[in-house]
Amino acid sequence: MESFDLVTSQGLSIASLFWLELAISGLLLAGVVGLLVTALIRFRAPPGDRADARQVEGNRRLEIIWTATPAATLAIIFLLVIGTMRTVNAAQPNPEPVLVTGHQWWWQFSYPNQHAVTANEMHVPVGTPLQVSLESVDVIHSFHVTQFGWMQDLVPGKTNSMWITVVRPGTFDGACNQYCGLQHAWMRVTIVADPPEQFNAWVQQQAQSVTPTNSAGEQVFLKNTCVACHAIRGLPGATGTVGPDLTHLGSRSTLGAGVIDNTPDNLQAWIRDAQSIKPGVLMPAFPSVSPSDLSALVAYLESLK
Ligand SMILES: [Cu+2]
């Protein structure tokens with residue numbers, strides 16, 4: 001099962017706690033059921049015996065045993081939990097800081113060390129501890145990548161944090177796990193875990209600004225209201241923060257937090273009427289952009305790798 005194939009050291013230590021607790025609970029259950037079945041068989045009344053059962057009252061030894069055993073079990077589990085919490089929350093050396101910001105209904109990922117900003121596709125270096133800060137600009141969201149083995153809420157006005165050390169390369173799916181409005185289900189995230197060199201190349205690329213070219217598509221972008229909500233770093237006037245940063249849109253594999261693949265046709269349909277693709281989305285439709293302007297705009301945005 002994919003969800004059992006955990007890929008973070010923190011998730012793995014939570015999972016070993018889970019298996020240990022399951023084993024302890026299983027042993028206790030077996031003990032209780034075993035005693036019950038033994039008693040049922042041993043003290044069964046012989047056929048035809050109509051006498052009342054022997055009445056027993058008070059047994060100090062038994063009472064001590066059934067009070068002390070659960071108390072001791074819970075105390076042990078409590079200590080194990082504290083130990084795991086300390087492991088999971090332990091500060092790690094040389095971390096890579098990442099800021100995750102929840103929006104209705106998409107994710108922003110910022111890498112403050114490199115000044116890179118992207119959306120919905122989070123790249124991480126394998127083996128490097130990530131110091132993840134989580135914030136929300138609107139309502140409560142929850143950052144849940146099943147294979148990470150643990151999750152954290154994003155709460156408006158508060159910065160939460162979590163440590164994530166991904167232990168093997170791969171692509172892992174996640175989603176918002178706290179109902180946050182109409183398109184909660186389309187608030188997906190893709191994690192791309194790469195070896196550090198590959199991650200560094202990616203993050204350096206994402207950190208670059210564009211050089212304005214005065215192309216037709218760039219002009220269409222600037223003269224519509226896109227810039228009120230979207231940033232393209234390096235393009236004067238395009239500094240909106242309501243929607244995803246589009247500086248490297250062409251390098252992302254999906255649009256709208258996973259709702260459609262990032263292809264020129266899909267991008268065109270998205271800009272024309274995002275509402276019909278993701279009803280309720282906080283981006284207006286642009287029915288009046290002419291077909292030639294729209295193709296220039298799409299070509300421009302897809303060229304932003
Ligand atoms: Cu959400």
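Residues numbered from 1 in each chain as written. Predicted model: local features only at pLDDT ≥ 70, side-chain atom pairs only at ≥ 80, totals over all residues.

1. Looking at the domain arrangement of the chain
Looking at the chain, the domain boundaries give domain 1 (2-40 + 60-89) and domain 2 (216-302). The centre of domain 1, based on its C-alpha atoms, is set 52 Å off from the matching centre of domain 2. (Domains from an automatic or database assignment.)

2. Examining the sheet that holds strand S6 (residues 141-145)
Here we have 5 strands laid out as an open sheet, ordered S4-S10-S9-S6-S7, and mixed in their pairing. Each edge of the open sheet carries a strand with a single partner, namely strand S4 (121-125) and strand S7 (152-154). For this sheet, the mean inter-axis angle between neighbouring strands, taken without regard to orientation, is 30°. In the sheet, strand S9 (residues 170-176) pairs with strand S10 (residues 188-194) via 6 bridges, with the strands oriented antiparallel. Its bridge partner lying in S10, Gly174 is registered against Val189. (Pairing = 2+ DSSP bridges. Helix = DSSP H or I, 4+ residues; strand = E, 2+ residues; numbered from the N terminus. Axes fitted to C-alpha atoms, helices over the stretch in contact; angles between N-to-C directions.)

3. Quick word on the sheet that holds strand S2 (residues 106-111)
Pairing is mixed across the open sheet formed by 5 strands, whose spatial order is S3-S2-S1-S5-S8. Whereas interior strands pair on both sides, the edge strands pair on one side only; in this sheet they are strand S3 (116-119) and strand S8 (160-164). Mean inter-strand twist for the sheet, computed between neighbouring axes without regard to direction, equals 25°. Across 5 bridges, strand S1 (residues 96-103) lies against S2 in antiparallel orientation.

4. So, the pairing of S2
The element S2 is largely enclosed, with a buried count of 5 among its 6 residues. A loop of 2 residues connects S1 with S2, the two strands running antiparallel in sequence. Where S2 lies against S3, 4 bridges are found, and the strand directions are antiparallel. Residue Phe109 lies in a different strand from S3, and its bridge partner there is Thr118. (Buried ≥ 20, exposed ≤ 12 C-beta atoms within 10 Å, placed from the backbone.)

5. Structural notes on the packing of helix H4 (residues 216-223) against helix H7 (residues 291-302)
Viewed as axis vectors pointing N to C, H4 and H7 meet at an angle of 105°, and their least axial separation amounts to 7 Å. Classified by the angle between their axes, H4 and H7 sit roughly perpendicular to one another. For the pair formed by H4 and H7, the contact residues are Ala216, Gly217, Glu218, Val220 and Phe221 on the first element and Asp293, Ala296, Leu297, Ala299 and Tyr300 on the second. When its residues are assigned to classes, the contact of H4 with H7 shows 7 nonpolar, 1 polar and 2 charged. (Parallel < 35°, antiparallel > 145°, perpendicular 65-115°, else oblique. Contact = placed C-beta atoms within 7 Å. Nonpolar A, V, L, I, M, F, W, Y, C, P; charged D, E, K, R; others polar.)

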